[in-house]
Structures are given as structure tokens and as C-alpha cells.
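Working through the structure, step by step
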Amino acid sequence: MAVPNPTPHSTPAPLTRVSVEAAHQLIQPYIHRTPILTNTTLNTLASAPQTAASLEHTPWAGQQPAHPTFRLFFKCEHLQRIGAFKVRGAFHAVLRLVEERGIDEVKKRGVVTHSSGNHAQALALAARTLAIPAHIVMPRISTPSKIAGTQAQGAIVHFSGSTSHEREAVVADVVAQTGATLIPPYDHANIILGQGTMGLETQAEVEQLLADKPALGVPGTKGLHALIAPCGGGGMLSGNAVALQPTSIRVFGAEPSFQGGDDARRGVEAGARITTVKTLTIADGLRTPLGEHTWKIVSDKQYVEGLYAVTEQNIKDAMKLVLERMKCFVEPSAVVGLATILYNEDFRRMVEREAGPDGWNVGVIFSGGNTTIEAITTIFAQVPEEEAERHEGVVGSDGRRVAENVAG
């Protein structure tokens, strides 16, 4: 059931770098300028061939391991407000709505969205900042810490079932009762443009870093060769791709492969958007399929040159490295890009082939850090994914089962 004629969102700006730059100027007073970190140990690990033993039970068993060279630059959105990149899109969407309709009208109606966590908290914060009532529809099985974080921002939380249809039915009730304006979680131009602001920052910050410390990058280079970002609903990946499309920086997406979580990769390969995803991947922020708008960008190789998938064990291994070697408290979804760099031989072989012995400077988006010690303990206590699929009781990173997600 689709939302019946919800109050329409504000008129979207065109999906261009110029629009991303305008979005950045608008939201700067409300967001953190998150840092770029580097790590010598991770550069060394990424630039070493995988062992034959580590490839033994993978699609690349028996093949010569790739030997690319990487210099990695981590954009730390886990240090963003509410602990994730989502505030960028939420603030941009709400501020554009206020520009178009006036603050009094927006306050009168309020805003509404559906989200299991990070977008919920982001919209709640944006609304509280501007004294706008916020209604957030959250699945009952959402992570308790994310529910608490949303309520702490003063939002009115409405609980629903887990599927897109169930969430949208509750949104429809809220719209009918309040006249609130729907702010989509990811599939709207103003959300995409807001998320793309991190691409602008990453490009500029790496260039400045290399100007000050050239030894951090590939010799003789002044900026990024590529950027890799996690892909769930595709708002972040699309925004980065739009921001960087006019440049020489190549953009790639990363997904979990567990139980078909790599819907974007499979959809692009098949030439048709996959609208239903049912996965219990520990990367719970990436359990959502692409929307209609994000599909158009992610499936266009002029914007996103390739999509790659990693296993649950790859994600765990990458997360362990980040926690122990970088001292960064990140959620599983945040490390799928790094996991691709470290463990996906197709990606590694492509970089080796196209970059040559000098290698690439690669921007890696750490998308968020909204997890808990309890959730991390659960993740590392789980059985390997090939065994997990045989157990009906397998759970996600929040310790709960997740139902089907459907793109609207």
C-alpha cells in the first residue's frame, strides 16, 4: 500500500554538482566538518596480496592473488551529528522545505518519515533545531538505542511493522491526521544532494592534506583517484556520485552479499532494479533496496563505475581492524567499502590493472557509528554466514530478526 497522496515534499533541485555546492552552503551551520584520517597499517594490508589460504573458499580460489597499491583516506562520518551522515540530507530537505513554504506553514503541519534508525534520528534533530513537529514511523524491531535516540530529540515515534508497506500505512495515517510533509529516507533529490556534500568535503580535504603532506599519497599525485561508499537505499552513493561526476574521481559502491543484500550490484548486472530485499546482514543500514531516483544514478556508469559485494566475515574482519588499529567506533555498514578494498579480488584486480604499480589514492566513507557494545558482542559471537543460513534463529546486528524490505 503506497501512501495515498501525502503532502508533497519541496520542489527538488537538479542533480548536479552545482546543486550539491548550494546544499553544502545551506547546511554548513548545522553539521560537523568531519575529519579525514589515514592509517599506515591499513595501507600496508590493502597493498599486500591475499594469501592462497584466505582465498580457498571464495570465488577466487586457485587464482593468482591481486597485488594493487592503495593509499586510503577515511571520511569519518561516524563523528557526524547523531553519529551518521544522514543529518546532511535531513537538514537539506527540511531547510529547502522551509525556504519554499515558510517556517510558519512547516511548523503548522510538521514533517514525517519512516526509518529504522539513522534517518529517524537525523530528521528528528533537524526538526527540533527548527522547532518543527516531527513524526517518525519506526519498525517495532528497530534497535532500542536508535528508538531512544529518536525520542531524545523530541520526535513523536509511531511504531509499525517492518515491511515498506506496513511503514507506509502508518505514515499515511499520520499524514491524514496532521497534514505533515513526508521527508523520504533516501529516494528524493534534496536528500541525495545533501548526502553528496560529503563528496565535496572529501575531495577538498584530501587535496589539502596532500598539499601539506605529499608523502601520504601516491607519489606525484594531488588528490583522489577514487571514492568508495556503502550502498543501501543509495542516497549516499548517489549524492557522492553526483558531486564528483564532473571530476576525474571514480566512484564505486559496496554492499553485503549475505542473503541477496547486494541488490544494487545484481540489479545493475541484470539491467533492472530489484525492489525487494530480505536479508539479515549484520550491515543493517544496508538492508534497503534502491529507490527509483537512486537507481537512475547508481545504474549509470557515468556516475557509479562499479558495485562490489563482500561477505559477513569480510565485514567482521574489516570492522575488527578499524576498531583495533584505527580506534574508530563504527557500525558494520560503515566498513563495507574498506572490506571491498581488502577482500574483494575483482575490485583489487581492477585497481591493479588500471592503476599500475603506483596505485590509487582512495577515499573511503565511514558512514556511521550507531551501534553498541552489546551489538558488537553479538556480531562477533555469531556463527559464520555459511552456517547462519541454515539456522532459523539467526539475527542481525541489533539481535533481532528483520522482515522484508521493499522499495517504494
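By the naming in an unreviewed UniProt entry, the chain goes by Pyridoxal-phosphate dependent enzyme-domain-containing protein and is assigned to Paraphoma chrysanthemicola. Word for word, the UniProt comment on the chain under Cofactor (unreviewed entry) is "pyridoxal 5'-phosphate". For the chain, the Sequence similarities (unreviewed entry) comment in UniProt is given as "Belongs to the serine/threonine dehydratase family."

Looking only at helices and strands, one finds 17 helices and twelve strands in the chain. The globule rule puts the C-alpha radius of gyration for 408 residues at 22 Å, and the 20 Å found for the chain is close to it. Overall, the chain is about 60 × 50 × 40 Å in size when its C-alpha atoms are taken along their principal axes. Considering only contacts within the chain whose residues lie at least 6 apart along the sequence, 76% involve residues at least 24 apart. Carbon together with sulfur atoms contributes 51% to the accessible area of the chain, which is approximately 15900 Å² in total. Taken together, the 36 basic and 40 acidic charged side chains of the chain have centroids lying 4 Å from each other.

Here we come to the nonpolar core. Counting residues in each nonpolar core, the largest one holds 41 residues, and the members touching the most others are Leu 72, Leu 338, Ile 341, Phe 347, Val 362 and Phe 366. Once residues lying within four places of it in the same chain are set aside, the contact partners of Phe 366 are Phe 74, Lys 75, Cys 76, Glu 77, His 78, Val 322, Met 326, Val 330, Ala 334 and Val 335.

Let's shift gears to the sheet that holds strand β5 (residues 156-160). Pairing in this open sheet of four strands is parallel, and the strands run β5-β4-β3-β6 from one edge to the other. The open sheet has two free edges, formed respectively by β5 and β6 (181-182), since each of these has just one partner strand. Relative to the sheet, helix α6 (residues 144-152) contacts β4 (134-139) and β5, its axis offset from that of β4 by approximately 175 degrees. Sheet strands in contact with helix α7 (residues 164-178) are β3 (111-114), β4, β5 and β6, and its direction is about 170 degrees off that of β3.

Turning next to the pattern of salt bridges. Overall, the coordinates contain 19 salt bridges when judged by the stated rule. Note that Arg 250 is salt-bridged to Glu 354, the shortest N-O span being 2.5 Å. Within this pair, whereas Arg 250 is found in strand β8 (residues 250-256), its partner Glu 354 is found in helix α15 (residues 345-355), the two being separated by 104 residues in sequence. Overall, Glu 354 belongs to the partly exposed group, its relative accessible area being 39%. Residue Glu 345 is joined to Arg 348 by a salt bridge in which the shortest nitrogen-to-oxygen separation is 3.2 Å. Here Glu 345 and its partner Arg 348 are both found in helix α15, three residues apart, which amounts to about one turn of the helix. Exposure remark for Glu 345: the relative accessible area of 0% places this residue in the buried category. Overall, the relative accessible area of 0% leaves Arg 348 in the buried class. One continuous salt-bridge network, built from bridges that share partners, spans Arg 33, Lys 75, Glu 77, Arg 88, Glu 201 and Glu 205.

What follows deals with the UniProt feature "domain: Tryptophan synthase beta chain-like PALP" (unreviewed entry) in the chain. According to UniProt, the positions carrying the feature "domain: Tryptophan synthase beta chain-like PALP" (unreviewed entry) are residues 70-367. End C-alpha atoms of residues 70-367 are separated by 20 Å, and the span's content is 47% helix alongside 17% strand.

A few words on helix α13 (residues 312-326). For α13, which comprises 15 residues, the first-to-last C-alpha distance of 20 Å matches the rise-based estimate of 21 Å (1.5 Å per residue) to within 8%. Of the residues trailing α13, Lys 327 is marked for its positive phi of about 60 degrees.

Attention shifts here to the pairing of strand β10 (residues 306-310). Here is the key point about a regular strand: its side chains alternate between the two faces of the sheet. Of all five residues that make up β10, five are buried, and the element is covered over most of its length. Alternating positions in β10 separate into two faces, Gly 306, Tyr 308 and Val 310 on one and Leu 307 and Ala 309 on the other, with burial throughout.

What follows concerns α7. The end-to-end C-alpha distance of α7, which contains 15 residues, comes to 21 Å, matching closely the 21 Å that a straight helix rising 1.5 Å per residue would cover. Among all positions of α7, only Ser 164, Arg 167, Glu 168, Val 170, Val 171, Ala 172, Val 174 and Val 175 are buried. Of the residues one or two after α7, Gly 179 is the one with positive phi, at around 75 degrees.

Reading guide: rules and limits
- Residues numbered from 1 in each chain as written.
- Predicted model: local features only at pLDDT ≥ 70, side-chain atom pairs only at ≥ 80, totals over all residues.
- Heavy atoms only, no water.
- UniProt positions renumbered as here; feature names shortened; annotations may be inferred.
- Helix = DSSP H or I, 4+ residues; strand = E, 2+ residues; numbered from the N terminus.
- Rg over C-alpha atoms; globule rule 2.2 N^0.38 Å.
- Contact = heavy atoms within 4.5 Å.
- Areas by Shrake-Rupley, 256 points an atom, 1.4 Å probe, with all protein chains shown as cover.
- Lys, Arg positive; Asp, Glu negative; His and termini not counted.
- Charge placed at Lys NZ, Arg CZ, Asp CG, Glu CD.
- Core = buried A, V, L, I, M, F, W, Y, C linked by side-chain atoms within 4.5 Å.
- Buried < 20%, exposed > 50% of the residue type's maximum accessible area, 1.4 Å probe, protein only.
- Pairing = 2+ DSSP bridges.
- Axes fitted to C-alpha atoms, helices over the stretch in contact; angles between N-to-C directions.
- Salt bridge = Lys/Arg side-chain N within 4 Å of Asp/Glu carboxyl O.
- Expected span 1.5 Å × (residues − 1).

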